[in-house]
Amino acid sequence: MQRLSTILLFLLIIFTATLPLMAEVRYHSPADRDKIEALIETASKGENIGRRTLLAAQRLIGIPAGNPADNDSIGTIMVRLDSIDRMALLNISIAAAQASLLTSPTIADFEKKLEGVSRRKGKDDGFASQFLYGSDWIVDNLYRGNVKEMTEYIESGNYKTKTLDRVSRNPGDYPALADSTVLDKIKVMEMGYRSHRIPHLKKQSIGNKAILESLEDGDIIIMLPPDPDYDIYDIGIIEKKNNAPFLVHISRQTGEVTEEEFPLQRLFKIEGQHFYGFRWLRPVE
């Protein structure tokens, strides 16, 4: 009997050792954990995933723009709320909304949701698993059912082809790429985005009545720049006010997360010289 127990214990140790380990989510400050708890509570007041995503984004209004918190030699998820970048605004808002749908959600629930939306295949494997391009984020999150592509819902047939390899061509901008193994993983990822066809709506189509009426609270707008090295100019989350869509985003005018004062049509005219079109996504419950 003792021999059997020893064998079972040995097998348990071997099995546990082979399980993939979830990278521990890092927090820039202990206060950030409290802020996330408040974010989840705020999001829980929404009637659906879109509204909850918007409420979470609105809770982040006033945070100044900053560089990605996890662009360091470690590269695993870091939550930082004294400054924020565009992808973090999107990921944190969706993760808080998803967590808020659970019964009595915890910080651990948020962390799992954040890993699921902000890392390739939903697994944090350090820097190489980050979404360094908007197209990569969209492809992966569409596949795993976190968002729905609405870009071609009204108007289809618009594509722009780009080869996304800026990161591997500029390794000095990313501390983690000092490790050649990590750099090789990035190069493999980028191979999937050679001559990548990016669907989009023309910026002028924002005046289309069908689009304006179909936009909902929490919908995601990604503006696409003409620069061949980039596929994000801006990211924002829709708020409908008096049937007109507005954007919660990091404003270049204020330098912080802002509830835009101009409706989307006017904002597109103001910013129009910097982007050629946009993608439209919707969070999925």
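For clarity, every value in this text was computed on a predicted model and none was experimentally measured.

Student: When you look at the packing of helix H2 (residues 30–43) against helix H5 (residues 107–118) in this model, what are you seeing that I'm missing?
Tutor: Put simply, H2 and H5 touch, their axes get as near as 10 Å, and they point 85° apart. The orientation of H2 with respect to H5, classified from their angle, is roughly perpendicular. Counted together, Arg33, Ile36, Glu37 and Ile40 of H2 and Ile107, Phe110 and Glu111 of H5 form the full contact between these two elements. Residues of the contact of H2 with H5, tallied by class, amount to four nonpolar, no polar and three charged.

Student: Sorry, what's going on with the environment of serine 214 here?
Tutor: Examined against the element boundaries, serine 214 turns out to sit in helix H10 (residues 209–214). Residues contacting serine 214, with those up to four places away along its chain left out, are Tyr153, Ile154, Asp219, Trp280 and Arg282.

Student: What should I look at first to understand unusual backbone geometry in this one?
Tutor: Phi at serine 104 takes a positive value of approximately 50°, unusual for a residue other than glycine. Note on placement: serine 104 falls in the loop between helix H4 (86–100) and H5. Located in the positive-phi region is asparagine 243, a residue other than glycine, with phi close to 70°. Its location among the elements puts asparagine 243 in the loop between strand E8 (234–241) and strand E9 (244–250). With relative accessibility at 70%, the residue asparagine 243 sits in the exposed group.

Student: Help me understand the pattern of salt bridges in this model?
Tutor: Proximity of charged atoms lets side chains of opposite charge pair with each other. Inspection of every chain in the model, using the stated rule, returns 16 salt bridges. The partner of arginine 120 in a salt bridge is aspartate 136, and the shortest N-O contact between them spans 2.5 Å. Here aspartate 136 lies in helix H6 (residues 134–143) and arginine 120 lies in the loop between H5 and H6, a separation of 16 residues in the sequence. The exposure classification of arginine 120 matches that of aspartate 136, with both residues buried. Taken together, the shared-partner salt bridges connect Asp70, Arg119 and Asp124 into one network.

Student: Would you take a moment to explain the packing of aromatic side chains for this structure?
Tutor: Pairs of aromatic rings are described using the distance from one ring centre to the other and the angle between the two planes. Going through the model one piece at a time under the given rule, you end up with five aromatic pairs. Pairing tyrosine 153 with tryptophan 280 gives two aromatic rings, centres 6.3 Å apart and planes at 85°, and the pair type is edge-to-face. Of this pair, tyrosine 153 sits in helix H7 (residues 151–154) while tryptophan 280 sits in strand E11 (residues 277–283), and the two are 127 residues apart along the sequence. Both rings, one in phenylalanine 268 and one in phenylalanine 278, keep their centres 5.2 Å apart while their planes meet at 65°; by these two values the pair is edge-to-face. Of this pair, phenylalanine 268 sits in helix H11 (residues 264–271) while phenylalanine 278 is found in strand E11, placing the two residues 10 residues apart along the sequence. A relative accessible area of 1% means that phenylalanine 278 is categorised as buried. Following the ring pairs from residue to residue traces out a cluster consisting of Tyr233, Phe268, Phe275 and Phe278. Lysine 241 extends its terminal NZ or CZ atom over the ring of phenylalanine 246, reaching a point 4.3 Å from the ring centre. Its end group placed over the ring of tyrosine 233, arginine 252 keeps NZ or CZ at 3.9 Å from the ring centre.

Definitions and cut-offs
Residues numbered from 1 in each chain as written. Predicted model: local features only at pLDDT ≥ 70, side-chain atom pairs only at ≥ 80, totals over all residues. Heavy atoms only, no water. Axes fitted to C-alpha atoms, helices over the stretch in contact; angles between N-to-C directions. Helix = DSSP H or I, 4+ residues; strand = E, 2+ residues; numbered from the N terminus. Parallel < 35°, antiparallel > 145°, perpendicular 65-115°, else oblique. Contact = heavy atoms within 4.5 Å. Nonpolar A, V, L, I, M, F, W, Y, C, P; charged D, E, K, R; others polar. Buried < 20%, exposed > 50% of the residue type's maximum accessible area, 1.4 Å probe, protein only. Salt bridge = Lys/Arg side-chain N within 4 Å of Asp/Glu carboxyl O. Phe/Tyr/Trp six-rings, centres within 6.5 Å; stacked < 30°, edge-to-face > 60°. Lys NZ or Arg CZ within 6 Å of the ring centre and 35° of its normal.

All quantities given are derived from atomic positions and should not be read as evidence of function.
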